[in-house]
Amino acid sequence: PALAPLLVEAIDVLYNYFGPGPYVRLRVVTDPEVEDCEELFAYIRVALPPDEALERLNRLDDEWFLDQLGRANGKFNFNLEFV
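Rules and cut-offs
Residues numbered from 1 in each chain as written. Predicted model: local features only at pLDDT ≥ 70, side-chain atom pairs only at ≥ 80, totals over all residues. Heavy atoms only, no water. Helix = DSSP H or I, 4+ residues; strand = E, 2+ residues; numbered from the N terminus. Contact = heavy atoms within 4.5 Å. Buried < 20%, exposed > 50% of the residue type's maximum accessible area, 1.4 Å probe, protein only. Pairing = 2+ DSSP bridges. Axes fitted to C-alpha atoms, helices over the stretch in contact; angles between N-to-C directions. Core = buried A, V, L, I, M, F, W, Y, C linked by side-chain atoms within 4.5 Å.

Chemist: Explain the environment of Arg27 to me, using residue names and the numbers behind them.
Modeler: One can find Arg27 in strand 1 (residues 23-30). As a C-alpha pair, Arg27 and Ala47 span 20 residues in sequence and 20 Å in three-dimensional space. Among residues more than four places away in sequence, those in contact with Arg27 are Glu39, Leu40, Phe41 and Tyr43.

Below is the structure:
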């Protein structure tokens, strides 16, 4: 629940980097090597060339997400899902 405001804000930010209506799948990932370590990932589905998609994700990180790490509290991150 603490991530909800960040997720809502991220919707508009994703439009800026990946165009209108990007499909995003949320998934809780558990690290089997660390007890009680769960992280929510937002997988951004893209049909872009890998170099372009990674460049957009890097810009998203550099220009917005790195400033949100405190709000994410180590429990949220983005990744790409290629189609």
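There is more to say, and it comes next.
Chemist: Kindly report on the environment of Arg59, identifying the contributing residues and their values.
Modeler: With respect to the helices, strands and loops of the structure, Arg59 is situated in helix 2 (residues 50-63). Given a relative accessible area of 33%, Arg59 falls into the partly exposed group. Separated by 20 residues in the primary sequence, Arg59 and Glu39 place their C-alpha atoms 22 Å from one another. Those residues in contact with Arg59 that lie beyond four places of it in its chain are Tyr17 and Trp64.

Chemist: Hey, could you go over the sheet that holds strand 1 for me, with residue numbers and the actual values?
Modeler: Hydrogen bonding along the main chain pairs the strands of a sheet, whether they run parallel or antiparallel. Taken in spatial order, the three strands of this open sheet run 1-2-3, and their pairing is mixed. The open sheet has two free edges, formed respectively by strand 1 and strand 3 (76-82), since each of these has just one partner strand. The mean angle between the axes of side-by-side strands here comes to 30 degrees, regardless of whether they run parallel or antiparallel. On the sheet, helix 1 (residues 4-18) packs against strand 1, strand 2 (38-46) and strand 3 and is oriented at approximately 40 degrees with respect to strand 3.

Chemist: Go over the nonpolar core, please, and point to the residues and values.
Modeler: If you look at the biggest cluster of nonpolar residues, it comprises 20 residues, and the most contacted ones within it are Phe18, Ile44, Leu60, Trp64, Phe76 and Phe78. Breaking this core down by element, the ones donating at least two residues are helix 1, strand 2, helix 2 and strand 3. With six residues, the top contributor of residues to this core is helix 1. The residues touching Phe18, leaving out its near neighbours within four places in the chain, are Ile44, Val46, Leu48, Ala53, Arg56, Leu57, Leu60 and Leu80.

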